[in-house]
Amino acid sequence: MIWNEARECMSRDQMADLQGKQLVKLVGYMYRNVGYYRKKMKRLGLEPGDIRGIEDLCKLPFTTNEDLQDAYPNGMFAVPMSKLVRYGTIDSVSGTERIVGYTQNDLNLWSECMARSIAMAGLSQNDVIQIAYDPENWVEGLGALSGAERIGATTIPMHTDKKKDLMSAIRKFHVTGIIGTPSYLMHMARMIEKKGMSGGLVKAAVCGGTFWTDKTRKKIQDVIGIRMYDIYGMDELMGLGVAGECKCQKGMHVQEDYFIAEILDTETLIAVADGVLGEIVFTTLQKQGIPLIRFRTMNITRINHEKCECGRTSARIDRICNRASDIVYIRGNRILLFSIENALSELREIKASYIVTIKKEHGLDIVDVCIESSQSNELMQSDNGESVKRCVAAAVGKIIGMKPNVYIRENGGTLLYNRRKVTIIDERRY
Ligand SMILES: [Zn+2]
């Protein structure tokens with residue numbers, strides 16, 4: 001079922017026209033109400049009148065995580081506190097806190113996006129949906145809850161720390177759909193596989209909020225027979241629901257009437273063609289509390305503007321394959337992924353890119369650092385690369401509080417990651 005056919009199936013021309021008109025309004029709104037962004041525009045000699053449609057988007061300055069930190073606590077707000085109905089906080093990559101705020105209109109927009117994503121997974125008012133999130137990620141649960149209620153489904157909001165209760169609720173309430181994290185579904189698959197428990201009537205699960213892979217999805221789908229649908233979002237933009245996956249499972253449809261998605265080369269910041277990996281940058285078209293223009297997500301993906309077999313015309317993005325702005329726990333230590341990236345980027349004398357893999361072996365967290373270089377012969381020259389490896393191990397070890405395994409590989413995967421200097425993969429999440 002398509003929840004909002006008029007918006008989700010409009011022609012590409014109509015969508016570009018709608019986005020252009022909304023963008024013009026947004027720029028005027030930001031210029032009037034957000035001093036921080038007005039200054040950025042002025043520095044570039046830009047006036048709101050210079051933006052006449054979607055084709056002028058590329059003239060506008062980006063908004064970065066650093067901007068959000070600079071403007072802390074409320075420099076990015078476009079409305080006075082009296083217009084806000086909800087505050088939230090986000091842990092930033094530098095370890096400082098950020099505040100987000102929603103007007104009632106923002107929350108309505110969120111529930112509409114969630115409703116569309118839930119309908120994409122084939123769930124409707126005839127379903128009983130369990131909403132299962134960790135207590136610390138409960139804000140995501142609130143968005144899911146409002147979307148499920150909007151489509152008229154019967155909802156059961158629950159915390160994932162009560163795993164036994166979750167499984168018994170599935171049977172007790174004849175649950176047919178789940179919205180939660182992939183890790184909860186993994187847990188469920190284990191219970192079903194190893195303890196012979198039943199997944200009951202559950203037919204679909206909408207999962208997002210953490211990384212997972214097709215391998216994980218296939219494993220879970222095979223074990224418990226539940227179709228798993230991706231969902232994407234960021235707290236800075238709204239929350240989960242910015243994009244959702246339909247029954248064709250060939251990418252997530254972006255809610256383009258609310259968000260403009262650009263995919264840019266990570267070095268030149270110029271738009272790349274459909275199908276090419278790059279950083280996804282979003283402009284929120286209708287948010288009132290903290291609207292963002294060209295927000296750099298640090299998320300790497302690709303986009304496809306072809307019409308989907310499901311009938312929707314909205315652009316689709318792949319599951320995010322890398323996220324630089326993230327926090328992980330390694331042997332109990334809270335590590336900002338950015339700090340690993342920065343430490344490696346500072347080793348300017350080593351001409352290489354790095355793939356850092358965090359994994360678990362015999363119950364212990366292990367970190368591997370692969371140095372990839374087209375000049376690997378030079379790196380290996382004098383002492384078989386030992387000094388380079390020592391240097392990299394020291395830089396990363398200082399951040400993570402333990403010795404990583406370091407090895408050198410002839411240039412191979414670098415292009416895959418769109419020339420990112422550092423790619424960090426947390427395999428424990430898959
Ligand atoms: Zn589709």
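Everything in this summary refers to the structure shown in the same document. Note on numbering: residues in each chain are counted from 1, in written sequence order. At least 70 in pLDDT is required for a residue's local features to be given in this predicted model, at least 80 for side-chain atom pairs to be given and counted, and no such filter applies to totals for whole chains, interfaces and linings, which use all residues.

**Here we look at the overall build of the chain**
Here comes step 1: Secondary structure elements are taken from DSSP: a helix is a run of H or I of four residues or more, a strand is a run of E of two residues or more, and numbering for both begins at the N terminus. Looking only at helices and strands, one finds twelve helices and 21 strands in the chain.
Here comes step 2: Computed over C-alpha atoms, the radius of gyration of the chain comes to 22 Å, within 12% of the 22 Å expected from 2.2 N^0.38 for 430 residues, which places it in the range of a compact globule.
Here comes step 3: The principal-axis extent of the C-alpha atoms belonging to the chain is close to 70 × 65 × 40 Å.
Here comes step 4: In the chain, which comprises 430 residues, the share counted as buried stands at 41%.
Here comes step 5: Sequence separation of at least 24 residues holds for 67% of the intrachain contacts in the chain that already meet a minimum separation of 6. We compute the radius of gyration from the C-alpha atoms alone; for a globule the expected value is 2.2 Å times N to the 0.38, where N is the number of residues. Whether a residue is buried, exposed or partly exposed follows from its count of other C-beta atoms within 10 Å of its own C-beta, namely 20 or more, 12 or fewer, or something in between, respectively; the C-beta atoms are built from the backbone. Here contacts are defined at the residue level, using C-beta atoms placed from the backbone and a cut-off of 7 Å between them.

**Quick notes on helix H8 (residues 182-195)**
Here comes step 1: Multiply 1.5 Å by the residue count of a helix minus one, and that product is the helix's expected span. With 14 residues, H8 should cover 20 Å at 1.5 Å per step; its first-to-last C-alpha distance of 19 Å lies within 8% of that length.
Here comes step 2: Those residues of H8 that sit buried are Pro182, Tyr184, Leu185, Met188 and Ala189. Across the axial projection of H8, the buried residues extend over an arc of 160°, all falling on one side. Across from the buried face of H8, at angles greater than 90 degrees, the exposed residues are Lys194 and Lys195.
Here comes step 3: As for H8, its buried residues are in contact with strand S3 (128-133), strand S5 (177-180), strand S6 (204-207), helix H9 (214-224) and strand S7 (227-234). As used here, the arc belongs to the directions running from the helix axis to the C-beta atoms.

**A short note on the sheet that holds strand S18 (residues 353-361)**
Across a sheet, strands are paired by hydrogen bonds formed along the backbone, either parallel or antiparallel in direction.
Here comes step 1: One open sheet accounts for four strands, arranged S20-S19-S18-S21; its pairing is mixed. Every interior strand has two partners, whereas the edge strands, strand S20 (405-410) and strand S21 (422-426), have only one. Direction aside, neighbouring strands of the sheet carry axes that sit 20° apart on average.
Here comes step 2: Any two strands are treated as partners once DSSP identifies two or more bridges connecting them. Across six bridges, the pairing between strand S19 (residues 364-373) and S20 is parallel. To get an axis, a line is fitted to the C-alpha atoms, and for a helix only the part in contact is used. The angle between two axes follows their N-to-C directions and goes from 0 to 180 degrees.

**A few points about the environment of arginine 190**
Here comes step 1: The residue arginine 190 is located in helix H8 in this model.
Here comes step 2: Residue classification places arginine 190 among the partly exposed residues on the basis of 14 C-beta atoms within 10 Å.
Here comes step 3: Separated by 34 residues in sequence, arginine 190 and isoleucine 224 have C-alpha atoms that sit 9.0 Å apart.

**Some remarks on the sheet that holds strand S4 (residues 154-159)**
Here comes step 1: Taken in spatial order, the nine strands make up an open sheet running S4-S3-S5-S6-S7-S8-S9-S14-S13, and their pairing is mixed. Each having just a single partner strand, S4 and strand S13 (303-304) make up the two edges of the open sheet.
Here comes step 2: Taken together, the four bridges between S6 and S7 define a ladder with parallel strand orientation. Each residue of the ladder has a partner; that of alanine 205, found in S7, is methionine 228.
Here comes step 3: Running over the sheet, helix H5 (residues 104-120) touches S5, S6, S7, strand S8 (239-245) and strand S9 (252-254) and is turned about 30° from S8.
Here comes step 4: Most of the contacts of H8 go to S6, to which it runs at about 140°, and overall it touches S3, S5, S6 and S7.

**Quick word on helix H2 (residues 12-33)**
Here comes step 1: Compared with the 32 Å implied by 1.5 Å per residue over 22 residues, the 31 Å span of H2 between its first and last C-alpha is a close match.
Here comes step 2: By the burial criterion, the buried members of H2 are Met15, Gln19, Leu23, Leu26, Val27 and Met30. Viewed end-on, H2 has its buried residues packed into an arc of 105°, placing them on one side of the element. Exposed side chains of H2 directed beyond 90 degrees from the buried face belong to Asp13 and Arg32.
Here comes step 3: The secondary structure elements touched by the buried residues of H2 are helix H3 (35-43), strand S10 (259-264) and strand S11 (278-284).

**A short note on the environment of aspartate 70**
Here comes step 1: Relative to the helices and strands, aspartate 70 resides in helix H4 (residues 65-70).
Here comes step 2: For the pair aspartate 70 and histidine 362, spaced 292 residues apart in the sequence, the C-alpha separation amounts to 42 Å.

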